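# Secondary and tertiary structure notes
Residues per chain are reported as follows:
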Amino acid sequence: MKSDEILKYCLENLEGSVLVESWGEKGIFYNPGRVLKRGVYILTVKEKDGDNDKGSRLNRPGVYRVNLGVRKDTFVKLFGAVPKRPGAGGVVEMDYDFSAADCFLPHPVYAWMGWMCVLNPSEETFEDLKPYIRESYEYAKEKFAKRK
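Right, let's walk through the structure included here. What you are looking at is a predicted structure, and each value in this text was computed from that prediction instead of being measured. (Residues numbered from 1 in each chain as written. Predicted model: local features only at pLDDT ≥ 70, side-chain atom pairs only at ≥ 80, totals over all residues. Heavy atoms only, no water.)

Under the defined criterion, the tally for this structure stands at seven salt bridges. As a salt-bridge pair, R65 and D53 come within 2.5 Å of each other at their nearest N and O atoms. Pair noted here: R65 is in strand β4 (residues 65-69) and D53 is in the loop between β3 (40-46) and β4, with a separation of 12 residues, a long-range link. One exposure class covers both R65 and D53, and it is buried. (Salt bridge = Lys/Arg side-chain N within 4 Å of Asp/Glu carboxyl O. Helix = DSSP H or I, 4+ residues; strand = E, 2+ residues; numbered from the N terminus. Buried < 20%, exposed > 50% of the residue type's maximum accessible area, 1.4 Å probe, protein only.)

Turning our eyes to something else, we now look at the sheet that holds strand β5 (residues 105-106). Taken in spatial order, the six strands make up an open sheet running β1-β2-β3-β4-β6-β5, and their pairing is antiparallel. In this open sheet, the two edge strands, each paired with only one partner strand, are β1 (17-22) and β5. Most of the contacts of helix α3 (residues 123-147) go to β3, to which it runs at about 140 degrees, and overall it touches β2 (25-30), β3, β4 and β6 (115-119). (Pairing = 2+ DSSP bridges. Contact = heavy atoms within 4.5 Å. Axes fitted to C-alpha atoms, helices over the stretch in contact; angles between N-to-C directions.)

Time to look at a positive patch on the surface. Side chains of K72, K143, K146 and R147 sit close together on the surface and give a patch of like positive charge. Mapped onto the fold, R147 is located in helix α3. (Patch = residues over 30% accessible without salt bridge, like charges linked within 9 Å, V, L, I, M, F, W, Y side chains within 5 Å. Areas by Shrake-Rupley, 256 points an atom, 1.4 Å probe, with all protein chains shown as cover. Lys, Arg positive; Asp, Glu negative; His and termini not counted. Charge placed at Lys NZ, Arg CZ, Asp CG, Glu CD.)

On to the packing of aromatic side chains. Under the definition given, this model contains nine aromatic pairs. A ring pair is formed by Y9 and F126, whose centres lie 5.3 Å apart and whose planes are at 90 degrees; its orientation type is edge-to-face. Of the two residues, Y9 is situated in helix α1 (residues 3-13) and F126 in helix α3; the sequence distance between them amounts to 117 residues. Each of the two residues, Y9 as well as F126, counts as buried. Here Y41 and W115 contribute two aromatic rings whose centre-to-centre distance is 5.8 Å and whose plane-to-plane angle is 85 degrees, an arrangement assigned as edge-to-face. Within this pair, whereas Y41 is found in strand β3, its partner W115 is found in strand β6, the two being separated by 74 residues in sequence. Residue classification places Y41 among the partly exposed positions, given a relative accessible area of 30%. Note on W115: relative accessible area 12%, which makes it buried. Joined through ring pairs, the aromatic side chains of F75, F79, Y96 and F98 make up one cluster. Geometry around Y139 places K143 over its ring, the cationic atom sitting 4.0 Å from the centre. (Phe/Tyr/Trp six-rings, centres within 6.5 Å; stacked < 30°, edge-to-face > 60°. Lys NZ or Arg CZ within 6 Å of the ring centre and 35° of its normal.)

These figures come from the coordinates and say nothing about function on their own.
Printed below as a string of structure tokens:
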């Protein structure tokens, strides 16, 4: 799958979502009516390493990462305990190859916040990811309601 197909899916299926491009990534935010400056994160697509995020080795040709925040209990069911926050420029201490493609992984930096990711998901893996995208969307809606 191409990253733009994933972004298009979100915009077409998650009511109130908007696309925001910044910090070298494209983000889908929940922000109906654009009430907030940016909105609340649902999902991001990152296509290159950043100063504090190199664990997935995104500078390889054609590699991108889909990132989304799920509830902590979902994260624990998928990956075990939520790790401690890493130091600046570091990755979380978990026994995963954060550069592996087409599989669910804890986010190399934001796993401590309950974020997961997939590098270059196949169509099949993207289908498996859809319930988690829906969860991230519902979670973002709850956070939005508290902020507006």
